[in-house]
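Residue strings, one per chain:
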Amino acid sequence: MYDYIIVGSGLYGAICAYELNKAGKKCLVLEKRPHIGGNVYTEEIEGINVHKYGAHIFHTSDKSIWQYINQFAEFNNYINCPVARYKNECYNLPFNMNTFTKLWPDVFTPEEAQKRIEEERKEGYVETPSNLEEQAINLVGKTIYEKLIKGYTEKQWGKPCTELPAFIIKRLPVRFIFDNNYFNDKYQGIPEGGYTKIIEKMLSGIEVKLNCDFFDDKEKWLKSAKKIIYTGAIDKFYDYVYGALEYRSVRFETEVLDTPNYQGNAVINYTAYDVPYTRIIEHKHFEFGKQEKTVISREYSSTWKLGDEPYYPVNDAKNAELYEKYKALSEKDANVVFGGRLGQYKYYDMHNIIKVALEQVEKELNG
Ligand code: FAD
Ligand code: UDP
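Reading the values: rules and limits
Residues numbered from 1 in each chain as written. Chains lettered and ligands numbered in written order. Predicted model: local features only at pLDDT ≥ 70, side-chain atom pairs only at ≥ 80, totals over all residues. Heavy atoms only, no water. Buried < 20%, exposed > 50% of the residue type's maximum accessible area, 1.4 Å probe, protein only. Helix = DSSP H or I, 4+ residues; strand = E, 2+ residues; numbered from the N terminus. Arc of directions from axis to C-beta. Contact = heavy atoms within 4.5 Å. Near = heavy atom within 4 Å. Polar contact = N/O pair within 3.5 Å; in protein donor to acceptor, adjacent residues only side chain to side chain. Areas by Shrake-Rupley, 256 points an atom, 1.4 Å probe, with all protein chains shown as cover. Pairing = 2+ DSSP bridges. Axes fitted to C-alpha atoms, helices over the stretch in contact; angles between N-to-C directions. Core = buried A, V, L, I, M, F, W, Y, C linked by side-chain atoms within 4.5 Å. Lys, Arg positive; Asp, Glu negative; His and termini not counted. Salt bridge = Lys/Arg side-chain N within 4 Å of Asp/Glu carboxyl O. Nonpolar A, V, L, I, M, F, W, Y, C, P; charged D, E, K, R; others polar.

Colleague: Got a minute to help me understand helix α2 (residues 63–70) in this structure?
Modeller: Because an α-helix completes one turn every 3.6 residues, residues spaced three or four positions apart along the sequence face the same direction. Looking at α2, one finds that the buried residues are Ile 65, Trp 66, Tyr 68 and Ile 69. Down the axis of α2, the smallest arc covering the buried residues is 160°, so these residues share one side. Here the buried face of α2 lies against α1 (11–22), β5 (58–60), β8 (187–189), α7 (196–203) and α12 (350–366).

Structure, rendered in structure tokens:
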């Protein structure tokens, strides 16, 4: 009999397993993929750590979370400065003085940029924005919306901006300084040697079964542990009784190229709608790689359907309501904890995952 069976070896499951094992609990981790790590998994190709499930940049303003993750790896000083390519123009992100001076050749100072954006905002301003398009124009005006937001967002979410909720765009920073750092957080970096090493360290000495889907033997596993920590999709756990929650899925086309430097940056967003992918990642730049070859991944966003890998929960009102029904059901299952991005149907970044996983462990150990 195990104290805990942990379904999923992503960051949430691995932290729970590590902490519970350290506290003397007998743990078993089940993972349906052929490898550990969930979506932070990195794989070495041509000496380059490839982020197999999308670019992962660690960032947080919470010192205790930064210290926690630094136990498991040395982080480099990578700062995420994505570039947007719109047709044959390149712009710095997030929207800052570098972006504004390139967009408008007669703008040089913050005052001039503010004035210009103010004029552009006035054109399409609405008092209470009811969708993403209105919200974006209210924030930055028409030119930026049309060149840098509209196409990217519609590819990413598979819907016109007029049908998307306004809140998605609220978190895009707008700055009147020359600063291309995408995140506002105090701590940021990439673990040297890749994320998989972190998960390996967390799971060292803990029994892990790979290629093992919990649902192939659900009843057996439920009887084999005092408690289950489940990090898969919550709707799947209940066999979609209320219907499936909506997700966005992502597909990656990865290629090894015989050139040392393909695009000169780790992340380039393609913001025009007619380019089918949303971004190209050149993995070596996350670790300032000097290898002879390079590895790139084109990222395509797609509509999720039953059987696909779920990536992003779609946090709109309809899905929030459906999730609440599953959550109410899960509260009756006292011996199952639902955790992580899929278990809680929440858009968690890695630093959020560390926080909620540690809080859950604390609850498990000290009530
Ligand atoms: P997951 O990593 O999804 O792990 C769940 C695990 O459970 C998986 O390994 C899965 O195979 C396994 N599993 C599911 N069902 C079963 C089953 N039935 N049986 C057995 N195993 C099962 N965060 C950042 O902080 N910075 C970033 O730059 C960033 N970029 C991202 C880019 C993309 C494209 C995506 C999708 C996410 C990004 N994130 C980023 C978020 C980050 O990936 C998550 O916060 C983190 O991976 C969530 O960990 P998790 O353990 O909850 O889920
Ligand atoms: N976004 C955009 N243009 C860009 C990058 C982002 O319009 O070049 C918008 C888009 O709506 C996206 C949101 O900002 O859904 C959040 O993007 P971010 O890259 O921060 O999130 P991620 O997809 O990495 O979770």
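Okay, back to it.
Colleague: Where do I start with the site of ligand 1 in this structure?
Modeller: Within the structure, ligand 1 sits among 30 residues, and Glu 31, Asn 39, His 56, Tyr 348 and Met 350 are positioned closest to it. Separating a nitrogen atom of ligand 1 from a backbone N or O atom of Ala 55 is a distance of 3.0 Å. Met 350 is positioned such that a nitrogen or oxygen atom in its backbone is 2.7 Å from an oxygen atom of ligand 1. Calculation on ligand 1 without its partners gives an accessible area of 990 Å², and the protein chains cover 96% of this total. For the shell around ligand 1, the secondary structure elements donating two or more residues are α1, α11 (340–343) and α12.

Colleague: Just checking my understanding: could you explain the sheet that holds strand β9 (residues 207–209) for this structure?
Modeller: Whenever strands of a sheet pair, they do so through backbone hydrogen bonds, lying parallel or antiparallel. Pairing is parallel across the open sheet formed by five strands, whose spatial order is β9-β2-β1-β10-β16. Where the open sheet ends on each side, the last strands, each with one partner, are β9 and β16 (336–338). Across the sheet, the mean angle from the axis of one strand to that of its neighbour is 20°, orientation sign disregarded. As defined by bridge partners, strand β2 (residues 27–30) adjoins β9 across three bridges and the pair is classed as parallel. Of the residues in β9, the one forming a bridge with Leu 30 is Lys 209.

Colleague: How should the sheet that holds strand β6 (residues 83–86) be read in this particular structure?
Modeller: One open sheet accounts for seven strands, arranged β7-β6-β12-β13-β14-β11-β15; its pairing is mixed. Sheet topology places β7 (89–92) and β15 (312–313) at the edges, where each strand pairs with a single neighbour. The sheet contact formed by strand β11 (residues 247–257) and strand β14 (residues 294–303) spans ten bridges and is antiparallel. Looking at the pairing, Thr 254 lines up with Ser 297 of β14.

Colleague: Can you help me understand the pairing of strand β13 (residues 279–282) in this one?
Modeller: Within a regular strand, side chains alternate between the sheet's two faces. Where burial is concerned, the two faces of β13 agree: the one with Arg 279 and Ile 281 and the one with Ile 280 and Glu 282 are both buried. Pairing of strand β12 (residues 267–270) with β13 involves three bridges; the strand directions are antiparallel. Within β13, the residue paired with Asn 269 across the bridge is Arg 279. Across four bridges, the pairing between β13 and β14 is antiparallel. Residue pairing in the sheet places Glu 282 in a bridge with Ile 296 of β14.

Colleague: Can you help me understand the pairing of β11 in this one?
Modeller: When β11 meets β15, the two strands line up antiparallel, connected through two bridges. For Arg 248, the partnering residue across the bridge sits in β15 and is Tyr 312.

Colleague: How should I be thinking about the nonpolar core in this particular structure?
Modeller: Core analysis: the biggest nonpolar cluster contains 46 residues, and Phe 58 and Met 202 have the highest contact counts within it. Elements with a contribution of two residues or more to this core: β1 (2–7), α1, β2, α2, α7 and α12. Looking at this core, the element that brings in the most residues is α1, giving eight residues. When near neighbours in sequence (up to four residues on either side) are disregarded, Met 202 contacts Leu 11, Ala 14, Ile 15, Tyr 18, Tyr 68, Ile 69 and Phe 72.

Colleague: What's the story with the environment of Glu 123 in this structure? I'm lost.
Modeller: Here Glu 123 lies in helix α4 (residues 110–124). The sequence separation of Glu 123 and Phe 288 amounts to 165 residues, and the corresponding C-alpha distance is 43 Å.

Colleague: It is not clear to me how the side chain of Glu 282 should be interpreted in this structure. Could you clarify?
Modeller: Considering the arrangement of structural elements, one finds Glu 282 in strand β13. As a buried residue without a salt bridge, Glu 282 has its nearest oppositely charged side chain in Lys 284, at a separation of 5.4 Å. At 2.8 Å, the side chain of Glu 282 forms a polar contact with the backbone nitrogen of Gln 263. A polar contact of 2.6 Å, which involves the side chain of Glu 282, links it to the side chain of Thr 294. Beyond its immediate stretch of four places on either side in the chain, Glu 282 contacts Pro 260, Asn 261, Tyr 262, Gln 263, Gly 264, Asn 265, Ala 266, Thr 294, Val 295 and Ile 296.

Colleague: Would you mind showing me how to read the site of ligand 2 here?
Modeller: Taken together, 17 residues are adjacent to ligand 2, and Leu 148, Thr 153, Trp 157, Tyr 182 and Tyr 347 come closest. One of the backbone nitrogen or oxygen atoms of Leu 148 is found 2.9 Å away from a nitrogen atom of ligand 2. Between ligand 2 and the protein, one listed contact pairs an oxygen atom with a side-chain N or O atom of Trp 157 at 2.9 Å. For ligand 2, whose unbound accessible area comes to 520 Å², protein coverage reaches 90%. Here the shell around ligand 2 gets six residues from one element, more than from any other, and that element is helix α6 (residues 142–157). Grouping the amino acids of the shell around ligand 2 by side-chain chemistry returns eleven nonpolar, four polar and two charged.

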